[in-house]
Amino acid sequence: MNGLGPLQLVDSVLLNYNVGDALLLLLGLSVLAAIVLRSRKMFSTQAIAFGLLLVVTPTGALEPGNGSLLGSVLQYKFFGLVLVVAGPVLYMTTRQ
């Protein structure tokens, strides 16, 4: 076996997903970190950042694959817009 076996396995798994799925996974992991720290300000800042990333990501990188979490590019963009709008609201409702 030449050393490309594991890389081909990882590549075959990742072909079913897109950049939007990776961003949603990272958002989920960062939300877990914010929950552990009990910081609503951190959570709201993360929501704004990931929302902006989803909104400005080119539509070609968000084309859904077979295993994608959301069904269309528009859903990724709308979810990013919701995060961009909800993030500042959450930030303003936190205690000083």
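Here the structure is a predicted model, which is why all the values come from computation and not from measurement.

Caption draft 1: Quick peek at the environment of Lys77. Here Lys77 shows up in helix α4 (residues 73–92). Here Lys77 falls in the buried class, since its relative accessible area comes to 19%. For the pair Lys77 and Gly51, spaced 26 residues apart in the sequence, the C-alpha separation amounts to 8.4 Å. Here the side chain of Lys77 touches Thr57 through a polar contact of 2.5 Å, landing on its backbone oxygen.

Caption draft 2: Unusual backbone geometry, seen in detail. We note that Arg38 has phi near 55 degrees; this positive angle belongs to a residue other than glycine. Considering the arrangement of structural elements, one finds Arg38 in the loop between α2 (19–37) and α3 (40–56).

Caption draft 3: Broad picture of the nonpolar core. Grouped together as the largest cluster of nonpolar side chains are eleven residues: Leu23, Leu24, Leu27, Val31, Ala47, Phe50, Leu54, Leu62, Val73, Tyr76 and Leu83. Listing elements by their share of this core, those giving two or more residues are α2, α3 and α4. Top contributing element to this core by residue count: α2, with four residues.

Basis of the calculations
Residues numbered from 1 in each chain as written. Predicted model: local features only at pLDDT ≥ 70, side-chain atom pairs only at ≥ 80, totals over all residues. Heavy atoms only, no water. Helix = DSSP H or I, 4+ residues; strand = E, 2+ residues; numbered from the N terminus. Buried < 20%, exposed > 50% of the residue type's maximum accessible area, 1.4 Å probe, protein only. Polar contact = N/O pair within 3.5 Å; in protein donor to acceptor, adjacent residues only side chain to side chain. Core = buried A, V, L, I, M, F, W, Y, C linked by side-chain atoms within 4.5 Å.

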